[in-house]
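Each chain, written out:
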Amino acid sequence: MLFGNPSSDGSNGVPYLPDFWRAIGPYLPPRNAAVLLNNTLYFDGHGITQALIVLLLYLVVAGTALGFLDWFRTPKIPVSPQTEAEAAAGTIPIGSPP
């Protein structure tokens, strides 16, 4: 959120932003969330297509990245009842005398 905050143009307009932020600002989520909210509340939902597309693209990219990382995740080693009993036998309850 801090990366996109200077380019959100929520408190100041696009002409007042530096060149770098003016170029990438329309493609960052904070600006599009503000545009979506403002146009929905004040203009009855007109002009929200670009904001929705950008936010949905961020959602798809994040979902794809998480799915890809989950696909390559190492599966957990199953715990057998014997291993669980051995682990429980080696523990000392909290507050018990030594």
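Located above this text is the structure these notes cover.
Residues numbered from 1 in each chain as written. Predicted model: local features only at pLDDT ≥ 70, side-chain atom pairs only at ≥ 80, totals over all residues. Heavy atoms only, no water.

## Remarks on the packing of aromatic side chains
Here comes step 1: Scanning all chains against the criterion turns up 4 aromatic pairs.
Here comes step 2: Arranged with centres 4.9 Å apart and planes meeting at 75 degrees, the rings of Phe68 and Phe72 form a pair that is edge-to-face.
Here comes step 3: Assessed through its relative accessible area of 55%, Phe72 is described here as exposed.
Here comes step 4: When the centroid spacing of 5.0 Å and the interplanar angle of 45 degrees are considered together, the rings of Trp71 and Phe72 count as tilted.
Here comes step 5: Assessed through its relative accessible area of 65%, Trp71 is described here as exposed.
Here comes step 6: Members of the aromatic cluster, joined through ring pairs, are Phe68, Trp71 and Phe72. (Phe/Tyr/Trp six-rings, centres within 6.5 Å; stacked < 30°, edge-to-face > 60°. Buried < 20%, exposed > 50% of the residue type's maximum accessible area, 1.4 Å probe, protein only.)

## Remarks on the side chain of Asn32
Here comes step 1: Note that Asn32 resides in helix α2 (residues 29-42).
Here comes step 2: Within the local environment of Asn32, its side chain forms a polar contact with the backbone oxygen of Leu28, the two atoms lying 3.0 Å apart.
Here comes step 3: Not counting residues within four places of it along the chain, the set of residues in contact with Asn32 comprises Pro26, Tyr27, Gln50, Ala51, Val54 and Leu55. (Helix = DSSP H or I, 4+ residues; strand = E, 2+ residues; numbered from the N terminus. Polar contact = N/O pair within 3.5 Å; in protein donor to acceptor, adjacent residues only side chain to side chain. Contact = heavy atoms within 4.5 Å.)

## Thoughts on a nonpolar patch on the surface
Here comes step 1: A grouping of Leu66, Phe68, Leu69, Trp71 and Phe72 is seen on the molecular surface, where their side chains present a nonpolar patch of about 670 Å² in accessible area.
Here comes step 2: Looking at the element boundaries, Phe72 is found in the loop between α3 (49-71) and α4 (81-89). (Patch = residues over 30% accessible without salt bridge, like charges linked within 9 Å, V, L, I, M, F, W, Y side chains within 5 Å. Areas by Shrake-Rupley, 256 points an atom, 1.4 Å probe, with all protein chains shown as cover. Salt bridge = Lys/Arg side-chain N within 4 Å of Asp/Glu carboxyl O.)

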